[in-house]
Amino acid sequence: MKNDNEIDRKESVIMATLYWQTVGEGKQDIVLLHGWGLNAEVWQTIIPRVASQFRIHLVDLPGYGRSRDFSPMSVQSMADILWEQAPKNAIWLGWSLGGLVASRIALDHSDEVKALITVASSPCFRAHEEWQGIKPEVLLNFEKMLSENFQRTVERFLALQTLGTESAREDARTLKSVVLALPMPTVEVLNMGLESLRTEDLREELTHLTVPFLRIYGYLDGLVPRKIVSKLDALYPHSSSIVMRHCAHAPFVSHPDEFSEYLIEFFTQLDK
């Protein structure tokens, strides 16, 4: 027998609406997934630069932005809900937390996914033993702070994403404006996102990925350290990686021209 929480969650999923928007004149579908705390508006920096090449599908992850009515859910649950409305044979691009969701979809539906691109993302975000990442206590502290000072905690996390770049202040303002432009996610949704960053580990599963795989990193990224790039190069020899030299955690915000060129180049290679 299902308990009341399970019934409530299923009812909330049925009632909630997932936000999708499609733009662009290209023939190749590409789905863009944003990161923790944000929404699909974060991609406005690159849309004009790639719209002629792709049919771009912008989605607010369940619980975020215009998909705010969803209850907190795991990476797997988000992936399952997105797939129900997703175009088939699309390229899936996920930034940060969105990279975990995009990876999950590529693993679960490899026959119907054209390629996977992860941006400033890691199959395992938490640091442990000889693996570089975010210290678990840092993520736990963010969870604690969310209940004490919601907006300040989100702003602090956004600032961490741009730290070190020449345009750090401007980039942080851009990310903040994206958050404030739409309804904020609930504390519960944000905490679930932090929990996913702290607990998900797709390193082993992604060794079996069969679709083309591109990984893009920022050299100055303090959340996904560049030291993991060589480790993932060895773990996924059939994938390719790019480290954007002057970028931190949001390379498409700080260097949209360079970032867009990499996307178009990858797509061109796919079609050869």
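Residues numbered from 1 in each chain as written. Predicted model: local features only at pLDDT ≥ 70, side-chain atom pairs only at ≥ 80, totals over all residues. Heavy atoms only, no water.

A. How the structure looks around the packing of aromatic side chains. By the definition in use, this model includes nine aromatic pairs. Taken together, a centroid distance of 4.9 Å and an interplanar angle of 85° make the contact between Trp95 and Phe252 edge-to-face. Residue Trp95 is found in strand β4 (residues 90-95), and its partner Phe252 is found in helix α10 (residues 251-254); the two are separated by 157 residues along the sequence. The exposure classification of Trp95 matches that of Phe252, with both residues buried. A centroid spacing of 5.1 Å and a plane angle of 85° characterise the contact between Phe142 and Phe157, whose relative ring orientation is edge-to-face. Pair noted here: Phe142 is in helix α5 (residues 136-148) and Phe157 is in helix α6 (residues 150-162), with a separation of 15 residues, a long-range link. When sorted by exposure, Phe142 lands in the same class as Phe157, which is buried. (Phe/Tyr/Trp six-rings, centres within 6.5 Å; stacked < 30°, edge-to-face > 60°. Helix = DSSP H or I, 4+ residues; strand = E, 2+ residues; numbered from the N terminus. Buried < 20%, exposed > 50% of the residue type's maximum accessible area, 1.4 Å probe, protein only.)

B. Inspection of the UniProt feature "domain: AB hydrolase-1" (unreviewed entry) in the protein chain at higher detail. Residues annotated by UniProt as "domain: AB hydrolase-1" (unreviewed entry) correspond here to residues 30-256. Between the end C-alpha atoms of residues 30-256 there is a gap of 17 Å, over a span that is 41% helix and 15% strand. (UniProt positions renumbered as here; feature names shortened; annotations may be inferred.)

C. How the structure looks around the pairing of strand β2 (residues 28-33). Within β2, six of the six residues are buried, which leaves the element mostly enclosed by the surrounding structure. Burial along β2 is two-sided: the face carrying Gln28, Ile30 and Leu32 and the face carrying Asp29, Val31 and Leu33 are both buried.

D. Layout of empty space enclosed by the protein. Following the criterion strictly, the structure yields three cavities of 30 Å³ or more and no others. Taken as a whole, the largest cavity holds about 80 Å³ of empty space. If you go around the largest cavity, you meet 13 residues; those closest to its centre are Thr118, Ser122, Pro123, Leu206 and Phe213. For the lining of the largest cavity, the secondary-structure elements that each account for two or more residues are α4 (97-108) and β6 (213-218). (1 Å grid on protein atoms, 1.4 Å probe; cavity = no way out; pocket = protein on both sides within 12 Å on 5 of 7 lines; lining within 4 Å. Points joined across faces, edges and corners; volume = space filled by probe spheres on them.)

E. Summary view of α5. Taking 1.5 Å per residue, 13 residues should reach 18 Å; α5 reaches 19 Å between its end C-alpha atoms and fits that length. By the burial criterion, the buried members of α5 are Leu139, Phe142, Glu143, Met145 and Leu146. Buried residues in α5 make contact with α6 and α8 (187-199). (Expected span 1.5 Å × (residues − 1). Contact = heavy atoms within 4.5 Å.)

F. Structural view of the UniProt feature "binding site: substrate" (unreviewed entry) in the protein chain. Listed under "binding site: substrate" (unreviewed entry) in the UniProt record, and renumbered for this structure, are Trp36, Ser96, Leu97, Phe157, Leu158, Ala159, Leu160, Gln161 and His249. Tracing the sequence through the fold places Leu158 in helix α6. Leave out the neighbours within four places in its chain, and Leu158 touches Leu38, Leu175, Lys176 and Val179. By secondary structure assignment, the location of Ala159 is in helix α6.

G. Representation of the nonpolar core in the model. Membership of the largest hydrophobic core comes to 91 residues, with the highest contact counts inside it found for Trp92 and Trp95. Element by element, the count of residues in this core is highest for α4, at seven residues. Filtering out sequence-adjacent residues up to four positions away, Trp92 remains in contact with Val31, Leu33, Leu82, Trp83, Ala86, Ala102, Ile105, Val113, Ala115, Leu116 and Ile117. (Core = buried A, V, L, I, M, F, W, Y, C linked by side-chain atoms within 4.5 Å.)

H. Region of interest: the sheet that holds β2. With respect to topology, seven strands assemble into an open sheet ordered β1-β3-β2-β4-β5-β6-β7, the strand pairing being mixed. What marks the edges here is a single partner per strand, and that holds for β1 (20-23) and β7 (240-244). Each adjacent strand pair in this sheet contributes to an overall mean axis angle of 20°, direction not counted. Bridge analysis of strand β5 (residues 113-119) against β6 gives four bridges, and the strand direction is parallel. If you follow Leu116 over to β6, its bridge partner there is Phe213. (Pairing = 2+ DSSP bridges. Axes fitted to C-alpha atoms, helices over the stretch in contact; angles between N-to-C directions.)

I. A look at the side chain of Glu143. Positionally, Glu143 belongs in helix α5. When its relative accessible area of 17% is taken as the criterion, Glu143 is described as buried. Other than its neighbours up to four places away in sequence, Glu143 contacts Asn191, Leu194, Glu195 and Arg198.

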